[in-house]
Amino acid sequence: MAGRARHPPSRLAVALLLGLASLIIPPTSRAQPPPAPATVPVGLVIDADSPVGRIARTTIPMALDDFYAAFPNASTRVRLLQHDSGGDVVAAASAALQLMTTQGARAILGPQSSVESAFVADLATRAQVPVVSFSATSPSVSAAGARFFSRAALSDGAQAGAVAALAAYFGWRRVVPIYQDDDYGAAFVPFLADALATAASAAARAEVPYRCALPAGASADAVAAAMYRLESQQTRAFVVHARPALAELVFAAAAEAGMMAEGYAWVITDGLTGLLGSIRPPQGVIGLAPHVPDNNTPRMRAVRRRWARAFLRDHPDADPDQAEMGCYALWAYDAAWAVASAAERLGPGEFSSAPPGLVGGDSGGPTDFSGLGKSASGEKFLAAIANTTFEGLAGRFELVDGELAVPAFRVVNIMDDARERSLGFWTPNHGLHRKLGEPNNSGLAPVIWPAESTVVPVGWVQPTSGRKLRIAMPGSVDPGYGPIMHLDVDPATNRTVAGGFVIEVFEAAVRLLPYALPFEYVLVGSMHYDLLVEKVGDGEFDAAVADITITANRSQHVDFTLPYMTSGIAMVVPMRDQRSNRAWVFLKPLRYDLWLVSFVFLIFTGFVVWAVEHRVNSEFRGPPSYQIGTLLYFGFSTLYFAHREDLKSNLSRFAVVVWVFVVLILQSSYTASLTSMLTVPQLEPAIGDYASLWHGAGRVGIMNNSFMKASMTRSGFPQARLVPYRATQSFHEALLNGTIGAIVDETPYLRLFLKAYCDNFTQTAQTNKTGGFGFAFQKGSPYVADLSRAILNLTESEEMSAIERKWFGDAEGCASPQGSQFTSDSLSFGSFWGLFLITGATSLLCCALHLAAFLVSSRRRIREAASAPGVSWKDRFHMFLKLFDDKDLSSHTFRAKGRGRSANDAGASPAVVHVAAGSPLSVSNHTYDMSDWSVSAPSPAPAAAGEVELAAGGHAEEELPVPAVAPDPDGISYRIVAEHQTG
């Protein structure tokens, strides 16, 4: 069978083949599409037509786009649910409630204002939905009050320290805040006042004298009226803290009132500095702005360019100058990035469950705010946001206790066309610095102030209207204290005219202030100064200008300036003459030390003369008692140059000559001092010191209404002995009649008393210091530091000395602080020690030379005595003393006046023996000590009759036989070999 037709395979066969192939051949892997990211609904509540709202509408979507462009594989996607509150609090709360209930928002960005944030934060905390605000800067809302609230912006309280630093740097003592009267502005003022009042040093502190609170919806006329009121006051330093719309009205009204002229200072906070393109403040304003590190990086420049194009595209009617990323744009960008980053960290699992909604009630019933459902994901989302850190556009994003931590502020100078010029930086730790990170480079760049002035405004002017300071002054002052202060009333004009040292110093210090200080004196009558100080502290008076002593108790009520006059507690007592009350006044010319040294040298000089003379001079020989008497007599007789002894040795003569010279000087000085004491009045205080007053029984006069009574009573002084007086004349009379024995008061008052009565009284040394005189002001008054500085400048100038001389006279006069100037002090050894050194050295030298000569001449006998066998050291010492005490027969003073003639000489006369006048020769019993005799020749010829001749040259009282003598075998001394004959 040929030509059979062929048919194609059936579909069933193909299917079977394919199925078989699928069983045999393993399946190949095929790419699966990734799962869709989880959607995280996030609400955005803003005022769309406000400057901040317009910025947020452009910035937040751009930030989310940038985040997911950087992380394309993110598992979550934030979907914005925008609501326009229109700046209404109720609308913002309603939008937030709708977001949390019906729309399932897991977080809310915003609300824009602080008032709106306070309501929304409360609802969100109850629903456990995180709220991240990038524009609510008021300290009235914070994480401390609403746990689920986080601020991705700076708190206004953080910049209060920067404003206070500017005030201290430029020397402004008073600063007036102009603020919006709502939660945004009113919450900032307490922080500003505290920062100004609690500066590190008293000189840097300032005050807020008055405030200018403007409603948010204030009209242009109301703002203008407020500016004119400020212009009529004294302060010229202002801080503006308001929303842009109100700030524009303020600057326009200030320019119209002439408050943008030279001498004015304006500071705006960061809320306005970040919107310069919207408000366009005048030239010369100083602004604060958060410091943005790395502001000129390529990333930052690219973001700014894209943001400017997007902003102008979203808002075609906007001014190109407004297309500049300020602090609000940076904070909004970082806040959106932080929410997206936190959602990505949690992952899609936390957002897969149904969002929290209303619990109980149907959808058509009324809303129960207490029934907001709670979700565990809210707590985790809040923790994730709080722990999110990254390098954002505004710097490092890090929340500390729900607040954004910003390390520094920029200080800028606003120029024309809202351009800013950098002046420096402020940090909490280092204050103002021209460059960040250089603490040593303190200060700011030069500022161009309003009206293009380069002169720093002082912050004060003479007010066109305002209350003068009421200066309290005691009106009743004793005429004796008129030089200190007096107050009179002109009968013609009925005006109070003040004068005196205190008044002139106060008015001179006020003239040195860098501003006008209007004041008027108010008479307060006579009262205790403690009560006057309390009245100032209670606000009844602005200050008290008087001779008020600064005490610790008074400083608890008021603030004192630096003392303009030093003072101390001293005592004035009568003077008395002491000349007739001292029986032993002849001892006073010399002090005890000089008397003692003189007595010692008298004895020492007599001993030296005796030591040198007694071996060669018969007048210094004899029994020990006789020699001691001669020694003392000779020493004391030199005081009156009455010594009669004939000195034989040149050494003793030299020592006596030097000693007599010293005695002459001592005698002359003694005579002059004693004459002065006996003839010149010796005026001394009746009471020497405070201790004598304390232990005495006399009464003490003190000034009436003075703090001295309380001070002395506290120290234990009997109050019954204190007698208060008001007038200097009363003090004088009481001292004269003996009612009081002393006056205890401060030195300025005693100075005036002695100026009037200086003949009979004197001032003793000060016993205690006081705080001095100061001006008292109310606590916290800014005038204290300025007046203290003015007082220092006044004290350093010649003007203060001229004022003091004018009212107190010259410092010299009869008021000597240490008693009478006619007192005579006793002479001490310190004035004559040189003379005693000379005479002592001379006497020692003479004594040493004599001893050396003795040792040389007696060396053989000294050696024999020292080498004698069987003799103890005591006997040897006695032998040495006996040898030193013996006569020196070899001396010329014991040689015979004439030598004996030879036997073959005709008319040979017998030997003549000379006897010293003071030798111990007893004539009454005819007993003679022959050891004291000396002969003129070693072997005189015996004579039948001898003649005894006195050394004094007198005639012989009795003729004695001349004994026969023979020479000593050793040739040194002679031994008497003949017996003496009696009768």
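Check the entry above for the structure.
Let us look at the structure shown here. (Residues numbered from 1 in each chain as written. Predicted model: local features only at pLDDT ≥ 70, side-chain atom pairs only at ≥ 80, totals over all residues. Heavy atoms only, no water.)

1. As for a nonpolar patch on the surface
Residues Trp 584, Phe 586, Leu 587 and Trp 595 make up a contiguous nonpolar surface patch of about 430 Å² in total accessible area. Position of Trp 584 relative to the elements: it lies in the loop between strand E24 (568-577) and helix H17 (592-613). (Patch = residues over 30% accessible without salt bridge, like charges linked within 9 Å, V, L, I, M, F, W, Y side chains within 5 Å. Areas by Shrake-Rupley, 256 points an atom, 1.4 Å probe, with all protein chains shown as cover. Salt bridge = Lys/Arg side-chain N within 4 Å of Asp/Glu carboxyl O. Helix = DSSP H or I, 4+ residues; strand = E, 2+ residues; numbered from the N terminus.)

2. Comments concerning the environment of Leu 123
Relative to the elements of secondary structure, Leu 123 occurs in helix H4 (residues 114-127). What makes Leu 123 buried here is its relative accessible area of 8%. The spacing of Leu 123 and Ala 96 is 27 residues in sequence and 8.0 Å in space, taken between C-alpha atoms. (Buried < 20%, exposed > 50% of the residue type's maximum accessible area, 1.4 Å probe, protein only.)

3. Details of unusual backbone geometry
Note the cis peptide between Gly 110 and Pro 111, where omega equals -10 degrees. Within the element layout of this structure, Pro 111 appears in the loop between strand E3 (107-109) and H4. The residue Gln 128 is not glycine, and still its phi comes out positive at about 60 degrees. With respect to the helices and strands, Gln 128 occurs in the loop between H4 and strand E4 (131-133). At Arg 280, a residue that is not glycine, the phi angle is positive and equals roughly 50 degrees. Residue placement: Arg 280 occurs in the loop between helix H11 (276-279) and strand E10 (286-290).

4. Examining the pairing of strand E8 (residues 237-241)
Judged by how many residues are buried, E8 sits mostly within the fold: five of five residues are covered. The two faces of E8 match: Ala 237, Val 239 and His 241 on one face and Phe 238 and Val 240 on the other face are all buried. Between the parallel pair E8 and strand E9 (residues 265-268), the chain is carried across by helix H9 (residues 244-256), and the sense of this crossover is right-handed. (Right-handed = clockwise from strand over helix to strand, strands pointing away.)

5. Things to note about the nonpolar core
Of all hydrophobic cores here, the largest spans 88 residues; its most connected members are Ile 60, Leu 109, Phe 134, Leu 166, Trp 172, Ile 286 and Phe 381. Among the elements that line this core, the one with the most residues is helix H13 (residues 327-346), at 15 residues. Setting aside chain neighbours within four positions, we find Ile 60 in contact with Leu 44, Leu 80, Leu 109, Phe 134, Ala 332 and Ala 336. (Core = buried A, V, L, I, M, F, W, Y, C linked by side-chain atoms within 4.5 Å. Contact = heavy atoms within 4.5 Å.)

6. Concerning the pattern of salt bridges
For the structure on display, the rule yields 22 salt bridges. Across the pair Asp 317 and Arg 54 runs a salt bridge, and its minimum N-O distance is 3.5 Å. Here the residue Asp 317 occupies a position in the loop between helix H12 (298-314) and H13, and Arg 54 occupies one in helix H2 (residues 51-70), the gap between them amounting to 263 residues. A relative accessible area of 63% places Asp 317 in the exposed class. Classification of Arg 54 as buried rests on a relative accessible area of 16%. One salt bridge in this structure joins Glu 799 and Arg 511, with 3.4 Å as the shortest N-O distance. You can see Glu 799 sitting in helix H25 (residues 798-808) and its partner Arg 511 sitting in helix H15 (residues 501-511), a full 288 residues away along the chain. Connected through shared salt-bridge partners, Arg 173, Asp 786 and Arg 789 make up one network.

7. Observations concerning the packing of aromatic side chains
Tallying each qualifying case throughout the model produces 32 aromatic pairs. Ring centres of Phe 67 and Tyr 68 lie 5.1 Å apart, and the angle between their planes is 85 degrees; on these two criteria the pair is classed as edge-to-face. Note on Phe 67: relative accessible area 3%, which makes it buried. Given the relative accessible area of 8%, Tyr 68 is considered buried. One aromatic cluster is present, built from ring pairs that chain together Tyr 481, Phe 501, Phe 506, Phe 519, Tyr 521, Tyr 564, Tyr 749, Phe 773, Phe 775 and Phe 808. A cation sits over an aromatic face here: Arg 243 above Tyr 184, 3.9 Å from the ring centre. (Phe/Tyr/Trp six-rings, centres within 6.5 Å; stacked < 30°, edge-to-face > 60°. Lys NZ or Arg CZ within 6 Å of the ring centre and 35° of its normal.)

8. A short note on the sheet that holds strand E18 (residues 469-473)
One open sheet holds the five strands; their spatial order is E21-E18-E22-E31-E23, and the pairing between them is mixed. Looking at which strands have only one partner, the edges of the open sheet turn out to be strand E21 (519-523) and strand E23 (559-560). Bridge count for E18 against E21 is five bridges, and the pairing is parallel. Directly across from Ala 472, in E21, lies its bridge partner Val 522. Against the sheet, H15 contacts E18, E21 and strand E31 (776-777), and its axis sits at roughly 160 degrees relative to E21. (Pairing = 2+ DSSP bridges. Axes fitted to C-alpha atoms, helices over the stretch in contact; angles between N-to-C directions.)

9. Some words on the packing of helix H5 (residues 160-170) against helix H7 (residues 188-197)
Running from amino to carboxyl end, H5 crosses H7 at an angle of 45 degrees, the nearest separation of the two axes being 8 Å. Accordingly, the angle class assigned to the pair H5 and H7 is oblique. The handedness of the crossing between H5 and H7 comes out as right-handed. Of the residues in H7, those in contact with Ala 160, Gly 161, Val 163, Ala 164 and Ala 167 of H5 are Phe 188, Phe 191, Leu 192, Ala 195 and Leu 196. For the contact of H5 with H7, the class distribution of residues is nine nonpolar, one polar and no charged. (Parallel < 35°, antiparallel > 145°, perpendicular 65-115°, else oblique. Left-handed = near helix turned anticlockwise from the far one by under 90°. Nonpolar A, V, L, I, M, F, W, Y, C, P; charged D, E, K, R; others polar.)

10. Some remarks on H13
In this model H13 runs 29 Å from its N-terminal to its C-terminal C-alpha over 20 residues, within 8% of the 28 Å that 1.5 Å per residue would give. In terms of burial, H13 is a largely internal element, 17 of the 20 residues being buried. Phi turns positive one or two residues past the end of H13, at Gly 347, with a value near 90 degrees. (Expected span 1.5 Å × (residues − 1).)

11. So, helix H24 (residues 783-796)
With 14 residues, H24 extends 20 Å from end C-alpha to end C-alpha; this agrees with the ideal 20 Å at 1.5 Å per step. Taken as a whole, H24 has its buried residues at Tyr 783, Val 784, Ala 785, Asp 786, Leu 787, Ser 788, Ala 790, Ile 791 and Leu 794. Contacts made by the buried residues of H24 are with E18, H15, E23, E31 and H25.

12. As for the state of the cysteines
Here the structure, examined in full by the defined rule, presents zero disulfides. Of the cysteine sulfurs around Cys 846, a residue in no disulfide, the closest is that of Cys 847, at 8.7 Å. (Disulfide = S-S within 2.5 Å.)

13. A word on the sheet that holds E10
By way of backbone hydrogen bonds, the strands of a sheet pair with one another, either parallel or antiparallel. Strand order in the open sheet formed by eight strands is E7-E6-E8-E9-E10-E15-E16-E17, and the pairing between neighbours is mixed. Two strands close off the open sheet at either side, each with one partner strand: strand E7 (212-214) and strand E17 (431-433). Strand-to-strand twist across the sheet, computed as the mean angle between neighbouring axes with direction ignored, equals 25 degrees. Here five bridges tie E10 to strand E15 (residues 409-414), and the two strands are oriented antiparallel to one another. Residue pairing across strands places Ile 286 opposite Asn 413, the latter belonging to E15.

Distances and angles like these do not, on their own, reveal function.
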